[in-house]
Amino acid sequence: MQEGKEVYKIIYLLIFILLALFCSEKKDQKQQSDLELKMNSIAEGYVKLVLEVGKYDANYVDAYYGPKEWKPKEENLQIDSTTNAKLIFNADSLLNELELLSEYKATELETLRYRYLYKQLFAVKTKLIILSGSVLPFDLESRALYDISPLDINEEDLQKVIDELDKILPGKGDVAERITNFKKQFEVPKDKIAAVFDAAIKECRSRTSKYINLPAGEKFKAEYVVGKPWGAYNWYKGNLFSVIQITTDFPIYIESAVGIAAHEGYPGHHVYNILLEQNLVKDKGWIEYTVYPLYSPQSLIAEGTAVIGEEILFPGDERMKFEKEVLFPLAKLDAKNADLYYKVISLQEKLSGAGVLAAKNYINGDWTDEETVAWLQKFQLRTKERAEKYLSFIETYRSYVVTYNMGEVIIRDYIERNGGTEDNLARKWEILTKLISSPHTPSSLLD
Ligand SMILES: [Zn+2]
């Protein structure tokens, strides 16, 4: 009988352990769902705060497709110091609440969500500080808004590229003038722009869909506009739909059709937005992705992936081949100087960082309007009109220019470091797809 009692003891002990385990798991689940609820509530606070800030800067809310009743009716208002202080207090409260939720980092995706929300909120606070009239130095503004510091741009490196162009461009004399004259033969006639763009976007979409499962029903509409500080823009409307606007008051060169189609459409901004909507808003119910504040780390990821996506889409000389065979005839352009044209274009692209240096000196108050325009003419080989247009972009969007340049550097490096090397196209697509379908922050992609 003694033996029998021992058996009962063991059985009771086992039941007790199982019950304790069951209860602690229940408690963990409850704790986790409480954390989830708190996280969702902070996310809601973030969306409402971004929409509120949007009342004071019409460019701030790049996209919003959350509850309609949250959208403020007023816009283009002047912020007063009381409102500004109240909104900064709101941002701080949300940041504090988030800090208290540090256990909410269960899965890899949830960790990304947490970190993303924190950095985005920090950028909202920075935007409010800027709205209060404080002027931040360019590098600090860029770090606070986009989670990254710009690299130094070396004038000597830019000059080397210009010297190369000087050697290969036809004629003698001023390089900026010669490049403009040479590129004239590759200007798409105005009445052919729509046909050329349609063909480019069809190709970009078809190539993208080989690697990315595009959600059914996704679509976009193209519009042609004038008088904007940008060349093209993707306006994401939600429900897997974008409006892509293209400005036509400046010449559109043949290679920019694919550039715009890939950057704004496939696999660029349109695809980025539809994948976030599909994976995070529709599948997970994470409300914070229904709003896109332009001046935030999200933009650096969006711009960087759009720039690199354009490159991955056409490996080797496939892009030249497609343009020569399909787009040149559609635009009724002669392709006889096309090879030289592509050399010129790829060299001119190396001057893109010059824009960051111009923005930095202009924003920091070191250069006047005239000095900035002259510098852009000299080191980006822009015409005076295009340099002035770029200056108006800097005036409107300030340090936003770093998102292209640094976005490209960070995303390229991240893809290569993770096995997306020259000979591994499938891996490049795999990483790019992950980057545009889950929330990432720029500094977390650094080595
Ligand atoms: Zn863009």
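Everything below is about the structure printed above this text.
Below, the structure is looked at part by part.

**Some details on the coordination of the zinc ion**
Move 1: Here the zinc ion is held by His263 (NE2), His269 (NE2), Glu303 (OE) and Glu303 (OE), and the distances to it run 2.0 to 2.7 Å.
Move 2: Note that the zinc ion binds 4 donor atoms; their angles at the metal cover 52 to 139 degrees, and the shape is irregular.
Move 3: Read from N- to C-terminus, the donor residues coordinating the zinc ion fall into the pattern H-x5-H-x33-E. Here the residue His263 occupies a position in helix α8 (residues 255–265), and Glu303 occupies one in helix α10 (residues 297–313), the gap between them amounting to 40 residues. Note on accessibility: His263 and Glu303 belong to one class, buried.

**Side note on the sheet that holds strand β4 (residues 241–247)**
Move 1: Read across the sheet, 3 strands follow the order β2-β4-β3 without closing on themselves; strand pairing throughout is mixed. Looking at the sheet topology across the chains shown, the edges are occupied by β2 (219–225) and β3 (232–238). If you compare each strand with its neighbour and ignore which way they point, the axes differ by 20 degrees on average.
Move 2: Across 7 bridges, the pairing between β2 and β4 is parallel. Note that in β4 the partner of Tyr224 across the bridge is Ile246.
Move 3: Against the sheet, helix α7 (residues 193–209) touches β2 and β4, its axis set at about 150 degrees to β2.
Move 4: Against the sheet, α8 touches β3 and β4, its axis set at about 30 degrees to β3.

**Some words on the pairing of β4**
Move 1: Of all 7 residues making up β4, 6 are buried, and the element is well covered by its neighbours.
Move 2: Summarising the sheet, β3 and β4 pair through 6 bridges and their orientation is antiparallel. By the bridge assignment, Tyr236 is partnered in β4 with Ser242.
Move 3: Where β3 folds back on β4, the antiparallel hairpin that results is connected by 2 residues, among which Asn239 adopts a positive phi of roughly 55 degrees.

**Some remarks on the nonpolar core**
Move 1: Grouped together as the largest cluster of nonpolar side chains are 139 residues, with contacts concentrated most on Leu121, Leu165, Ile254 and Leu327.
Move 2: With 10 residues, helix α1 (residues 2–54) is the largest single contributor of residues to this core.
Move 3: The residues touching Leu165, leaving out its near neighbours within four places in the chain, are Val175, Arg178, Ile179, Val344, Leu347, Gln348, Leu351 and Leu381.

Thresholds, definitions, all that
- Residues numbered from 1 in each chain as written.
- Predicted model: local features only at pLDDT ≥ 70, side-chain atom pairs only at ≥ 80, totals over all residues.
- Heavy atoms only, no water.
- Donors = N, O, S within 2.8 Å, 3.2 Å for Na, K, Ca; no water.
- Tetrahedral: all angles 85-135°; square planar, octahedral: opposite > 155°, others 65-115°.
- Helix = DSSP H or I, 4+ residues; strand = E, 2+ residues; numbered from the N terminus.
- Buried < 20%, exposed > 50% of the residue type's maximum accessible area, 1.4 Å probe, protein only.
- Pairing = 2+ DSSP bridges.
- Axes fitted to C-alpha atoms, helices over the stretch in contact; angles between N-to-C directions.
- Contact = heavy atoms within 4.5 Å.
- Core = buried A, V, L, I, M, F, W, Y, C linked by side-chain atoms within 4.5 Å.

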